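Understanding the architecture of this molecule
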Amino acid sequence: MLKVNGINVYYGSIHAIKDVSFEVHQGEIVTLIGANGAGKSTTLQTISGLLHSRTGSIEFLGQNLMGVPAFKIVSRGLAQVPEGRRIFLQMTVEENLEMGAYTQPNTTIAPGLERVYEQFPRLKERRRQIAGTLSGGEQQMLAMGRALMSGPKLLMLDEPSMGLAPILVEQIFEIIRKLHQAGTTILLVEQNAQAALSIADRGYVLETGKIVTTGTGAELLASPAIKKAYLGG
Amino acid sequence: MEFLSYLISGISLGSVYAIIALGYTMVYGIAKMLNFAHGDVIMVGGYISFCAMNYLGLPSIVAVLLAMAVCTVLGVVIEGLAYKPLRSAPSLAVLITAIGVSYFLQNAAQLIWSAAPKVYSPVVAGSLSLLNGQLTIPYVSLLTVVVCLVIMAGLTLFTSQSKLGKAMRACSEDKNAAQLMGINVNATISTTFAIGSALAAIAGVLLCSFNGTLMPTTGSMPGIKAFTAAVFGGIGSIPGAFLGGLLLGIIESMAKAYISTNLANTIGFAVLIVVLLVRPAGLLGKYVPEKV
Ligand SMILES: Nc1ncnc2c1ncn2[C@@H]1O[C@H](COP(=O)(O)OP(=O)(O)OP(=O)(O)O)[C@@H](O)[C@H]1O
Ligand SMILES: [Mg+2]
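Model, not experiment: these values are computed from the prediction. (Residues numbered from 1 in each chain as written. Chains lettered and ligands numbered in written order. Predicted model: local features only at pLDDT ≥ 70, side-chain atom pairs only at ≥ 80, totals over all residues. Heavy atoms only, no water.)

1. Concerning the pattern of salt bridges
Tallying each qualifying case throughout the model produces twelve salt bridges over all chains. The shortest N-O distance in the salt bridge between Lys166 of chain B and Glu98 of chain A comes to 2.5 Å. Taken together, the residues span two chains, with Lys166 of chain B in helix H6 (residues 163–173) and Glu98 of chain A in helix H2 (residues 93–100). Put simply, Arg122, Arg126 and Glu138 of chain A are held in one network by salt bridges that share partners. (Salt bridge = Lys/Arg side-chain N within 4 Å of Asp/Glu carboxyl O. Helix = DSSP H or I, 4+ residues; strand = E, 2+ residues; numbered from the N terminus.)

Here it is in structure tokens:
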């Protein structure tokens with residue numbers, strides 16, 4: 001479904017992504033794990049068109065994404081929940097969700113809201129609240145709900161568990177699992193390797209801009225090297 | 001009675017400042033840049049309407065519409081040629097470019113229309129006489145206030161209710177996140193310039209009607225004052241620009257009447273400094289610390 005092939009991304013002279021290739025198949029949960037600064041967010045932003053690769057190709061559903069402007073990506077069926085949530089803090093919860101459906105016909109907004117509110121009842125209670133006043137967990141739910149409003153075929157999540165209490169992390173992962181069951185393919189970026197690998201079909205390990213290991217979630221969880229580097233022992 | 005007439009004149013002048021300030025504030029809110037050429041777009045609006053009325057003999061309403069159309073195109077062209085290439089440049093570079101555009105427009109106007117002031121007759125003539133003629137209010141003053149209120153209400157509705165208006169607010173908060181939503185940020189910024197410049201044309205017509213004259217530098221001082229008004233009210237805030245413009249107009253008119261004509265500007269700016277000392281984000285602005 002998504003094929004990333006030999007991309008190289010630079011920030012000025014910093015070579016952040018070095019010849020990265022990976023694939024996400026329809027119906028999978030694939031995770032990209034790695035330490036701080038490994039290049040996980042850079043990879044997602046390149047797929048979303050916010051950053052550009054100098055080489056290689058990015059293909060989604062058989063169509064080339066390289067050189068497509070960022071604002072045209074979401075209508076191809078690819079949504080991202082960015083790192084740090086990046087919700088519109090001064091807009092209401094519902095306005096944020098409406099922005100998520102920006103590229104969708106107006107008639108889909110009401111049913112879309114219904115679906116998201118069903119998934120996140122907390123958001124429904126707070127629909128008129130200014131998003132900046134939500135708690136961290138609620139903001140993460142809003143960021144996810146906003147991305148779902150476009151009805152994506154592939155959902156990319158960048159560290160959805162960041163800064164959340166363990167109980168909330170569990171909730172967020174539960175929601176990801178449900179979304180997946182409902183038919184959404186997932187590309188999950190996480191530092192919480194344990195949690196990510198447990199729900200993932202496959203994983204890739206990124207180290208200073210390079211993919212160093214890949215395998216199924218279970219394989220990576222069992223690997224001594226991964227245990228040592230990412231699972232605290 | 002004198003007081004009342006100064007107050008009315010202040011409100012009317014303040015309404016012109018408010019319309020200009022609304023343009024400043026919208027562009028600042030969304031493009032995060034101070035378009036110092038905004039005042040000069042006002043001047044262009046003045047000349048276009050002047051030519052339309054005096055040389056082409058068009059009715060004032062058509063002249064206003066023509067000025068709006070020309071300024072809209074001008075605003076979009078300025079944005080596309082001068083500012084868009086600098087989208088990721090340091091804000092100082094953008095500021096200097098804006099100052100350059102401002103001088104460019106003034107000099108171009110001087111070449112086309114010469115530096116000599118033109119006599120600008122108000123778009124609506126006559127005045128309302130009240131209290132047995134003790135109080136006269138030019139119709140154009142009333143029109144200015146009404147136009148300002150309509151624009152302010154329109155912009156408020158537009159940004160709070162329409163899809164495009166909401167997208168503008170999203171862009172103003174976070175351009176990358178907006179793009180992830182599928183919002184074309186460049187097109188949204190162009191639209192903002194189009195709206196701001198159309199407002200500048202209206203402001204130009206009203207300002208020239210108020211002053212009775214027009215020259216290439218007509219827009220620069222009111223432009224700076226309206227910028228002041230926008231900061232005064234809280235830059236980026238629509239009601240703030242309205243309130244700031246109105247207050248600045250009233251302060252200026254009162255200072256002229258009761259203190260000194262020469263000190264009017266100084267007093268206006270002094271009040272601004274005091275307000276900013278007490279409320280750094282302006283009267284209605286929200287203080288958002290710079291993210292690093
Ligand atoms: N805007 C930028 N300018 C310059 N360098 C950057 C920029 N953004 C990221 N980098 C560098 O690129 C590398 C990869 O960063 P990236 O944000 O992709 O890492 P990450 O894996 O998402 O890390 P984290 O887990 O901390 O979010 C890092 O070395 C980082 O310092
Ligand atoms: Mg990251």
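2. A word on the domain arrangement of chain A
All names here are of chain A. Entries for chain A in the domain assignment read domain 1 (1–75 + 155–162 + 186–233) and domain 2 (78–151). Centre-to-centre, using C-alpha coordinates, domain 1 lies 24 Å away from domain 2. Of the residues lining the interface, 17 residues belong to domain 1; the matching set on domain 2 comes to 14 residues. By the criterion of area lost to domain 2, the three top residues of domain 1 are Val74, Leu155 and Met162, representing 37% of everything that side buries. In this assembly, domain 1 and domain 2 are joined by zero salt bridges. One can count six residue pairs in polar contact (both at pLDDT 80 or more) joining domain 1 with domain 2. Classifying every residue of the side of domain 1 that touches domain 2 gives eleven nonpolar, four polar and two charged. (Domains from an automatic or database assignment. Contact = heavy atoms within 4.5 Å. Buried area = accessible area lost by both parts, 1.4 Å probe. Polar contact = N/O pair within 3.5 Å; in protein donor to acceptor, adjacent residues only side chain to side chain. Nonpolar A, V, L, I, M, F, W, Y, C, P; charged D, E, K, R; others polar.)

3. Quick word on the interface of chain A and chain B
Size of an interface: often given as the accessible area lost when the parts come together. Between chain A and chain B, the residue contacts involve 23 residues of the former and 20 residues of the latter. Among the residues chain A hides against chain B, the three largest losses belong to Phe71, Phe88 and Tyr102 of chain A. Together they make up 32% of the total. Taking the shortest distance from any N to any O, the salt bridge between Arg169 of chain B and Glu95 of chain A comes out at 2.8 Å. Among the elements that line the side of chain A that touches chain B, the one with the most residues is H2 of chain A, at four residues. A breakdown of the residues in the side of chain A that touches chain B according to their chemical character gives twelve nonpolar, seven polar and four charged.

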